[in-house]
Amino acid sequence: MTITKTLLFIASLASAAALAQQAPSSTGEYYRDYQPEAIIRELKRDAVADDAIMIPMRDGVGLDTNVYRPKNAKGPLPTIFWKTPYNELEMKSGPALNYALAAVRRGYAFVVQNERGRYFSEGNWQILGQPQTDGYDTLTWIAKQAWSNGKVGTLGCSSSAEWQLALAGTHHPALAAMVPMSAGAGIGKVGRFQEQGNWYTGGVPRSLFFVWLYGVDNPLRAQLPLITDPAMHARVSQYNDLSVTKPKVEWTKQIRHLPVDKLLSDLGEPAGTFEQLIDRTPADPAWRQGGLYHEDMGWGVPALWFNSWYDVSIGPNLELFNHARTDGDKNAAPNQYAVVAPIPHCTYWKMGPDTTVGERSMGDTSFDVDGTIFAWFDRWLKADANAWPATTPHVRYFTMGENRWNAADSWPPKEVKSLRMYLRSEGAANSLYGNGRLDLAAPPGSEKPDHFTYDPMNPVQTLGGSDCCNGGLVTPGAYDQRSIEARSDVLVYSSEPLKEAMDVTGFVNAVLKVSSSAKDTDFAVKLVDVLPDGTAYIIADTIFRARYRNGFNKPEMMAPNAVYTIKPTPMTTSTRFDKGHRIRVEVTSSDFPKFVRNLNTGGANESESTGVVANNTIHHAGANASYIELPIMQSKP
């Protein structure tokens, strides 16, 4: 009997491993090594192409669209739809190039469309491309085509994923499935996250959109005269795509510009999207007017989510994944699946046998990304029930440090239990060389607080972590933080070396008891894995603006030296702190240039040019204990 149970246990472990660990993706099969010219040549051989179709929207605006269908196809086709603000329509660059050919060869029609106001698409551009109208109308157009079987799946990464989220709230009958990849900038408010498309974290503006908008927004764009002949329109679009090349900017200098709201106009740029957004608060009703998804919109689509630990969007994405599983309709809720990789934004196709993220080796991260995507579409667009087995785990995630794919049926996994660790010191946790410690024991009421001085003109520099798309200002990933921890305005709290490995998997919450000499200031928190040789890899980071401690719709200034409770936006990860490693938490008041500096005045921060120095305090005694709550895996499936 004992032998039988043992064999069954081993078999169950093997089965779980098989579900979690995927074979390496085949880059050759999906044509990622091909030059654009080769892709176009193959498409001409295998596909019927309808180039530069102007699909009319409900307001009469035409959106430039290409349709690729397999030659000699029999019967109506399922369709994969890729919508983009980038220059992918004429197959000049980008992942749509590869997926068009892969889709056609698998028996799909593939539709790629430029958002309104981009390249040959008419109208005025806005972030996310009006998914609830333009996205909806395009689905209707696809479903009415003679070559369509009426089922459409949406696909894309970053901007080509984010518009999909609000579309899921429209419950369009043709939308059968979606694959949003790194889609957090499409989320307005969901659960504990009110980041308004990643414009904020904890009420602190992020700089990534400032740089991104300089490259993408073009409010005074040139336009060609109307071309009514479709053949001529298609021809002209091949050599005149209305692309622009803006003057280069030395962003490492420009990002320090004050006031922040003149960051682009002082470069000579015309007023555009940046100026519309920069003065909004996180609770501004205007965020409801664009293409963001908000939690009260409903969810009507089976979705396969691809996310990553070192991406700007990881927290709100997994919060929305959980929301869709509980609040989706009867077909959508049970059919939400997530894959979470240990990589930066939209680099899924670079995973393989030897992956380095930042400065840290993640080992073998191989995962059949494209095979998984097409299996998902085969299930929902071709009604192939065998393509996606019922035993597929709802969550497949990579645990860093363990360097292994794992599987669970929920996020976080049901085996997770919360462990509280307290920030403690003898009153001098300043820098790596201070006496801060992370302890399971709560501090006594007599323990001294930690003080540091935050000067917005000398902010703590960003080094790695979760970010994207900011013109090289920040390189995301796992980087050694010791150069940051050497500063006296960074409080450093480290555990004793672990006697056993500890797996942290889920949402990581910090609670800080703070006071300040300033009316308003920020508090930034970082989770770090310290190796036996002292190397300190960043795992996750967050920040919070003190004025929003009672809610984003209730900003309130601080009274001098009064003690307040700050609960930063949760961090999200899966990482193993190995035996002999230390768990470290850093606390400071800036993380620049990733996040806009708080000038500490209590005023309209983004329109001010002069800051004041803040003397900030972290309390950790008795009723004013500060701590971090770690989601610890108690056992493995």
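Scroll up to find the structure this text is about.
Fair warning: this is a prediction, and the values are worked out from it, not measured in the lab.

S.K.: I would appreciate a short explanation of the pairing of strand 24 (residues 582-588) in the present structure.
M.R.: Consecutive residues of a regular strand have side chains that alternate between opposite faces of the sheet. For strand 24, the buried fraction is high: six of the seven residues fall into the buried class. Where strand 18 (residues 491-494) lies against strand 24, four bridges are found, and the strand directions are antiparallel. Paired with Ser494 across the two strands is Arg584, which belongs to strand 24. Bridge analysis of strand 20 (residues 522-530) against strand 24 gives seven bridges, and the strand direction is antiparallel. Looking across to strand 24, one finds that Leu527 is bridged to Val585.

S.K.: Any chance you could explain the nonpolar core here in plain terms?
M.R.: Looking at soluble globular proteins, one finds that nonpolar side chains tend to be buried together. Ranked by size, the top nonpolar core spans 138 residues in total, and within it Met181, Trp299, Phe306, Tyr348, Phe377, Leu527 and Ile618 carry the most contacts. Filtering out sequence-adjacent residues up to four positions away, Ile618 remains in contact with Leu423, Pro449, Asp450, Phe452, Leu491, Tyr493, Leu512, Lys513, Val514, Phe523, Val587 and Ser626. Listed in part, the 30 residues of the second largest apolar core include Tyr200, Phe209, Leu263 and Ile278.

S.K.: Just to check I follow, could you spell out the pattern of salt bridges for this structure?
M.R.: Oppositely charged side chains can pair when the atoms bearing their charge come close. Tallied over the entire structure, the rule returns 31 salt bridges. Across the salt bridge formed by Lys246 and Glu269, the nearest N and O atoms sit 2.8 Å from each other. Here Lys246, found in the loop between helix 7 (230-239) and helix 8 (251-254), pairs with Glu269, found in the loop between helix 8 and helix 9 (273-277); they are 23 residues apart in sequence, far enough to count as distant. Because the salt bridges share partners, they merge into one network encompassing Glu42, Arg45, Asp46 and Arg105.

S.K.: How should helix 11 (residues 369-381) be read in this particular structure?
M.R.: For an α-helix, the turn length of 3.6 residues means that residues three or four places apart are oriented alike. Compared with an ideal rise of 1.5 Å per residue, which puts 13 residues at 18 Å, helix 11 spans 18 Å between its outermost C-alpha atoms and is within 8% of the ideal. With 12 of its 13 residues buried, helix 11 lies for the most part within the structure. All buried positions along helix 11 are accounted for by Val369, Asp370, Gly371, Thr372, Ile373, Phe374, Ala375, Trp376, Phe377, Asp378, Trp380 and Leu381. Backbone geometry just after helix 11 places Ala383 at a positive phi near 60 degrees.

S.K.: Teacher, can you tell me more about the packing of aromatic side chains here?
M.R.: The description of an aromatic ring pair rests on the distance of the ring centres and on the angle between the ring planes. Within this structure, the stated rule accounts for 33 aromatic pairs. Here Tyr397 and Trp411 contribute two aromatic rings whose centre-to-centre distance is 5.6 Å and whose plane-to-plane angle is 70 degrees, an arrangement assigned as edge-to-face. In this pair, Tyr397 is assigned in strand 13 (residues 395-399) and Trp411 in the loop between strand 14 (404-408) and strand 15 (416-424), connecting sequence segments 14 residues apart. The same class applies to Tyr397 as to Trp411, namely buried. Pairing Tyr422 with Tyr627 gives two aromatic rings, centres 5.9 Å apart and planes at 65 degrees, and the pair type is edge-to-face. Note that Tyr422 is positioned in strand 15 and Tyr627 in strand 26 (residues 627-633), a separation of 205 residues in sequence. Since its relative accessible area comes to 14%, Tyr422 is described here as buried. Among the aromatic side chains, those forming a connected cluster through ring pairs are Trp82, Tyr99, Tyr108, Phe110, Phe306, Tyr348, Trp349, Phe367, Phe374, Phe398 and Trp405. Just above the ring of Phe507 sits the side chain of Arg192; from NZ or CZ to the centre is 4.3 Å. The ring of Tyr564 is capped by Arg549, whose NZ or CZ atom sits 4.1 Å from the centre of that ring.

S.K.: Would you mind showing me how to read the sheet that holds strand 10 (residues 336-344) here?
M.R.: Neighbouring strands of a sheet are bound in pairs by backbone hydrogen bonds; such pairs are parallel or else antiparallel. In spatial order, the strands read 1-2-4-3-5-6-9-10-13-14; together these 10 strands make up an open sheet with mixed pairing. The strands lining the two open edges of the sheet, one partner per strand, are strand 1 (47-56) and strand 14. When strand polarity is set aside, the average angle formed by the axes of neighbouring strands in this sheet is 20 degrees. Bridge count between strand 13 and strand 14: five bridges; the pairing is antiparallel. Considered in strand 14, the bridge of Val395 is made with Ala408. Lying on the sheet, helix 5 (residues 159-168) is in contact with strand 3 (77-84), strand 5 (148-157), strand 6 (175-181) and strand 9 (303-310); it crosses strand 5 at an angle near 130 degrees. Packing against the sheet, helix 10 (residues 314-327) makes contact with strand 9, strand 10 and strand 13, and its axis sits at approximately 150 degrees to strand 9.

S.K.: Whenever I open this one, the packing of helix 2 (residues 36-46) against helix 3 (residues 96-105) confuses me. Can you help?
M.R.: How two helices pack is summed up by the angle between their axes together with the distance between the axes. Where helix 2 contacts helix 3, the axes come no closer than 10 Å and their chain directions differ by 25 degrees. Taken together, the axes of helix 2 and helix 3 lie roughly parallel to each other. Our pair here, helix 2 against helix 3, has a crossing hand that is left-handed. On helix 3, the residues touching Pro36, Ile39, Glu42, Leu43, Arg45 and Asp46 of helix 2 are Leu97, Asn98, Ala100, Leu101, Val104 and Arg105. Here the contact of helix 2 with helix 3 is composed, by residue class, of seven nonpolar, one polar and four charged.

S.K.: Is there a simple way to explain the side chain of His345 in this structure?
M.R.: Along the chain, the position of His345 falls in the loop between strand 10 and strand 11 (355-357). His345 sits in the buried class, given a relative accessible area of 13%. In terms of polar contacts, His345 uses its side chain to reach the side chain of Ser158, at 2.8 Å. Non-local contacts of His345, meaning those with residues more than four positions away in its chain, are made with Ser158, Ser182, Ser308, Tyr310, Asp311, Asp467, Cys468 and Cys469.

S.K.: Hey, could you run me through the layout of surface pockets in this one?
M.R.: To find leftover empty space, one rolls a probe the size of a water molecule over the atoms. Looking at the largest pocket, its volume works out to about 510 Å³. Along the walls of the largest pocket sit 31 residues, with Trp125, Gln126, Ile127, Thr273 and Gln276 positioned nearest its centre. Of all the elements in the fold, those that place two or more residues in the lining of the largest pocket are helix 6 (208-216) and helix 9. At three residues, the largest contribution of residues to the lining of the largest pocket is made by helix 9. For the lining of the largest pocket, the per-class residue count stands at 13 nonpolar, 14 polar and four charged.

S.K.: Can you walk me through the side chain of Ser159 in this structure?
M.R.: Relative to the assigned elements, Ser159 resides in helix 5. Classification of Ser159 by relative accessible area gives buried; the value is 7%. Ignoring any residue separated from it by four or fewer positions in sequence, one finds Ser159 in contact with Lys83, Pro85, Tyr86, Glu115 and Trp212.

S.K.: What's the story with the pairing of strand 26 in this structure? I'm lost.
M.R.: Across the seven residues of strand 26, six count as buried, placing the element largely inside the fold. Two strands pair when backbone bridges link them, and strand 15 and strand 26 are joined in this way by seven bridges, in the antiparallel orientation. The residue bridging Met421 from the neighbouring strand is Ile628, located in strand 26. As defined by bridge partners, strand 19 (residues 502-516) adjoins strand 26 across four bridges and the pair is classed as antiparallel. Each residue of the ladder has a partner; that of Asn509, found in strand 26, is Glu629.

S.K.: Would you mind showing me how to read unusual backbone geometry here?
M.R.: Negative phi is the rule for most residues except glycine; trans is the rule for most peptide bonds. In the segment running from Trp411 into Pro412, the intervening peptide bond is cis, with an omega of -5 degrees. Relative to the elements of secondary structure, Pro412 occurs in the loop between strand 14 and strand 15. Looking along the chain, the bond that leaves Phe592 and enters Pro593 is cis, with omega of 20 degrees. Position of Pro593 relative to the elements: it lies in the loop between strand 24 and strand 25 (614-619). With a phi close to 55 degrees, His171 is a non-glycine residue in the positive phi region. Within the secondary structure layout, His171 lies in the loop between helix 5 and strand 6. One non-glycine residue, Cys346, adopts positive backbone phi at about 55 degrees. With respect to the secondary-structure elements, Cys346 resides in the loop between strand 10 and strand 11.

Scoring rules and cut-offs
Residues numbered from 1 in each chain as written. Predicted model: local features only at pLDDT ≥ 70, side-chain atom pairs only at ≥ 80, totals over all residues. Heavy atoms only, no water. Buried < 20%, exposed > 50% of the residue type's maximum accessible area, 1.4 Å probe, protein only. Helix = DSSP H or I, 4+ residues; strand = E, 2+ residues; numbered from the N terminus. Pairing = 2+ DSSP bridges. Core = buried A, V, L, I, M, F, W, Y, C linked by side-chain atoms within 4.5 Å. Contact = heavy atoms within 4.5 Å. Salt bridge = Lys/Arg side-chain N within 4 Å of Asp/Glu carboxyl O. Expected span 1.5 Å × (residues − 1). Phe/Tyr/Trp six-rings, centres within 6.5 Å; stacked < 30°, edge-to-face > 60°. Lys NZ or Arg CZ within 6 Å of the ring centre and 35° of its normal. Axes fitted to C-alpha atoms, helices over the stretch in contact; angles between N-to-C directions. Parallel < 35°, antiparallel > 145°, perpendicular 65-115°, else oblique. Left-handed = near helix turned anticlockwise from the far one by under 90°. Nonpolar A, V, L, I, M, F, W, Y, C, P; charged D, E, K, R; others polar. Polar contact = N/O pair within 3.5 Å; in protein donor to acceptor, adjacent residues only side chain to side chain. 1 Å grid on protein atoms, 1.4 Å probe; cavity = no way out; pocket = protein on both sides within 12 Å on 5 of 7 lines; lining within 4 Å. Points joined across faces, edges and corners; volume = space filled by probe spheres on them.

Any functional reading would require information that these geometric values do not contain.
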